[in-house]
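One-letter residues, chain by chain:
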Amino acid sequence: MTDDIIISGKGITKKFGDFTALDNIDVSVRRGEIYGFLGPNGAGKTTTIRVMTSLTPATSGTIKIEGEEVKGLDDPKKEKIGIIQQHIALDRDVSVAENIWYHAILHHIPKKVAKERIDRLVKIMGLEPYMNHMTINLSGGWKRRTAIVAALIHEPAILVLDEPTAGLDTQSRHMLWQLIRELNSAGTTVFLTTHYMDEAQELCDRIAILNHGKIIAEGTPEELCENLGRWAVEYIEDGIKKYRYFSDIEDSKSFRSTLGDEVQVTTRPTNLEDVFLELTGRENTNATEEVSYRV
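Source: prediction; values computed, not measured.

Asks: Any chance you could break down the pattern of salt bridges for me, citing the residues and the numbers?
Replies: Summed over all chains, the structure comprises 19 salt bridges. Two residues, Arg173 and Glu199, come together in a salt bridge whose shortest N-O distance is 3.8 Å. Of this pair, Arg173 sits in helix α5 (residues 170-185) while Glu199 sits in helix α6 (residues 197-203); the two residues are 26 residues apart in sequence, bridging distant segments of the chain. Judged by relative accessible area, Arg173 falls into the buried class, the value being 12%. A salt bridge links Arg268 to Asp274, with the nearest nitrogen and oxygen atoms 2.7 Å apart. Taken together, the salt bridges that share partners define one network made up of Asp4, Arg31, Glu66 and Lys80.

Asks: Which residues make up the pairing of strand β9 (residues 206-211), and what values do they have?
Replies: With six of six residues buried, β9 lies mostly within the body of the structure. Of the two faces of β9, the one holding Arg206, Ala208 and Leu210 and the one holding Ile207, Ile209 and Asn211 are both buried throughout. Two elements, strand β3 (residues 34-38) and β9, share four bridges in a ladder whose sense is parallel. Across the sheet, residue Phe37 finds its bridge partner in β9, namely Ala208. Sheet topology note: the β9/strand β10 (residues 214-219) ladder contains five bridges and is antiparallel. Residue pairing in the sheet places Ile207 in a bridge with Gly219 of β10. Linking β9 back to β10 in an antiparallel pair, the connection comprises two residues, with His212 at a positive phi of about 50 degrees.

Rules and cut-offs
- Residues numbered from 1 in each chain as written.
- Predicted model: local features only at pLDDT ≥ 70, side-chain atom pairs only at ≥ 80, totals over all residues.
- Heavy atoms only, no water.
- Salt bridge = Lys/Arg side-chain N within 4 Å of Asp/Glu carboxyl O.
- Helix = DSSP H or I, 4+ residues; strand = E, 2+ residues; numbered from the N terminus.
- Buried < 20%, exposed > 50% of the residue type's maximum accessible area, 1.4 Å probe, protein only.
- Pairing = 2+ DSSP bridges.

Set out below in structure tokens:
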């Protein structure tokens, strides 16, 4: 990972009538990193991806790829991006091979070059036994792998993943994590959205947290946890689970000593889920009061 900015979004605003889905956000993704975008349902994650990839025009603001502004859906600079949306866009009624070749044709890749790339990517993804299988018969994990090959066939510098492991079983999730790491190690910059805090903490070099269409925090997982407090004290009081966070373990012990002996209490390292819930609210709806910090 370098400090070279490969994707830059400045002042991105997206409105749907009177509703503001994105409110003047700035996004900078460094070349070679895995950048995570977290937020509650309706926070604006998918809208951000659609604006960044020109699938939806921004109301205002600019998107630059490698320093050059993207002008619209037909801008050739979009060739630098491969995207896998939450709902996988594959033809269910043809084979895996036909789906992949279709994307090669869409990108006008010469047949010999396309075959070399397909053979290499299919091997990386372990898809060789499934090439003649009908896509409709594949599990969710193998459909994701097929979609990744299709998205990488034109060798984009950036891979955008919207909820890449949504609906997958545990084994498939971990297999896909490993594939994302391998692609990133080979030089692909990855931008992903996810609802899973363990996924973000496991994969991402840096993370932005989005709420009500605004970025309210950004940093590495470690920085975000440090900013909240390295140590979390969980305790149950009057039947309600409560949380306090401390930078120093001794301070957490001092606080514990103020609780009665009858109180159930646990001290543990702070994690990304703590950060997310403290910033966006512990209820199922978005928090009414936002806490904003950036490290």
